[in-house]
Amino acid sequence: MTDIPPVVPPGRLAALTQPSFALPGALALRPWAAQDAPALVQACLDPDVRHWNRPGLLSPEQARERIAAWEDRRLAERAVMWAVAPAGGGLPVGLIGLADFDLPGGSAEFLYWLLPAGRGSGAMVPAVDRISRWAFEELGLHRLRITHSVANPASCRIAAKAGFPLEGTMRGALLHADGWHDEHLHARLRTDPVPPAQAAPDAVRRKVTRSSVL
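Calculation criteria
- Position numbers for residues start from 1 in each chain and track the written sequence from start to end.
- Owing to the predicted nature of the model, reporting of local features is limited to residues with pLDDT of at least 70; listing and counting of side-chain atom pairs is limited to 80 or more, with chain, interface and lining totals taken over all residues.
- Side-chain metrics in this entry use all non-hydrogen atoms of the structure; hydrogen atoms and water are not considered.
- In this description a helix means any DSSP run of H or I spanning at least four residues, a strand means any run of E spanning at least two, and both kinds are numbered starting from the N terminus.
- The contact criterion used is simple: two residues touch if any of their non-hydrogen atoms lie within 4.5 Å.
- Each pair of aromatic rings taken from Phe, Tyr and Trp, with Trp reduced to its six-membered ring, is defined by centres within 6.5 Å and is described as stacked if the planes are under 30 degrees apart, edge-to-face if over 60, and tilted in the remaining cases.
- Here the term buried applies to any residue with accessible area under 20% of the maximum for its type, exposed to any over 50%, and partly exposed to those in between, with areas from a 1.4 Å probe on protein chains only.
- A helix is expected to reach a length of 1.5 Å times the quantity of its residues less one.
- Throughout, nonpolar core names a set of buried Ala, Val, Leu, Ile, Met, Phe, Trp, Tyr and Cys residues whose side chains join them through atoms within 4.5 Å.

A. Highlighting the side chain of His184. One can find His184 in strand β8 (residues 179-189). Other than its neighbours up to four places away in sequence, His184 contacts Ile146, Thr147, His148, Val150, Cys156, Leu166, Gly168, Thr169 and Met170.

B. Main features of the packing of aromatic side chains. Evaluation of the coordinates by the stated rule reveals 4 aromatic pairs. Their ring planes at 80° and their centres at 5.8 Å tell us that Phe110 and Phe164 sit as a pair that is edge-to-face. On the criterion of sequence distance, the pair formed by Phe110 in strand β5 (residues 107-114) and Phe164 in the loop between α6 (153-161) and β7 (166-176) is long-range, its members being 54 residues apart. By relative accessible area, Phe164 is classed as buried at 0%. What links up through ring pairs into an aromatic cluster is the set Trp32, Trp70 and Trp113.

C. Here's a closer look at helix α5 (residues 124-139). The end-to-end C-alpha distance of α5, which contains 16 residues, comes to 21 Å, matching closely the 22 Å that a straight helix rising 1.5 Å per residue would cover. With 14 of 16 residues buried, α5 lies mostly within the body of the structure. Phi turns positive one or two residues past the end of α5, at Gly140, with a value near 95°.

D. Molecular detail of the nonpolar core. Judged by nonpolar contacts, the single largest core of 35 residues is most densely connected at Ile96, Phe110, Val128 and Leu141. For this core, the secondary structure elements donating two or more residues are β1 (19-23), β2 (27-31), β3 (80-86), β4 (94-102), β5, α5, β6 (143-149) and α6. Ile96 has contacts with Leu29, Val80, Met81, Trp82, Val84, Phe110, Leu111, Tyr112, Met124, Ala127, Val128 and Ile131, leaving out every residue within four places of it along the chain.

Shown next as structure tokens:
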């Protein structure tokens, strides 16, 4: 029997510097920092974020601990989280990240949310696309997926516009406060064409995550 080599070798994710990316609308993707804790506390109080993402309530100290834990999870190659924040500085208006990594199998899953201040900005579709290209081109993943409740059409539109076609519906896949929800499964492969709306090059700013996350 021939051994199949891992799609992404162990250690590659931890060795990569987490990049920051420019987004349209004077927004940017950057690593979370301890001073962003108030935005995370606010997100846990927002009804839409609470319903669709189930984050649980956090105190300011617990929010700082969670932000620090995200860096530990990145170094352990379990997740990578970005803040969607004003490019000129200020508290995040959203979160996007990759989790549920299967590096040997070459896959991961997106998660994202926006606070009211970030909704309607049009930032999430280019954010999903830009992180997808990083995951394919820099990290070397083969497949990325997005799952969401069938009752959440906003996430469905984001997935489709970012080049993640619908593959099917998973019945009774996730328990929300109002009961079990069917979920849509979307996916994008490394070999898929870049969505036309996202094909233009964008500016990239890279910095060492350890300097900004405790």
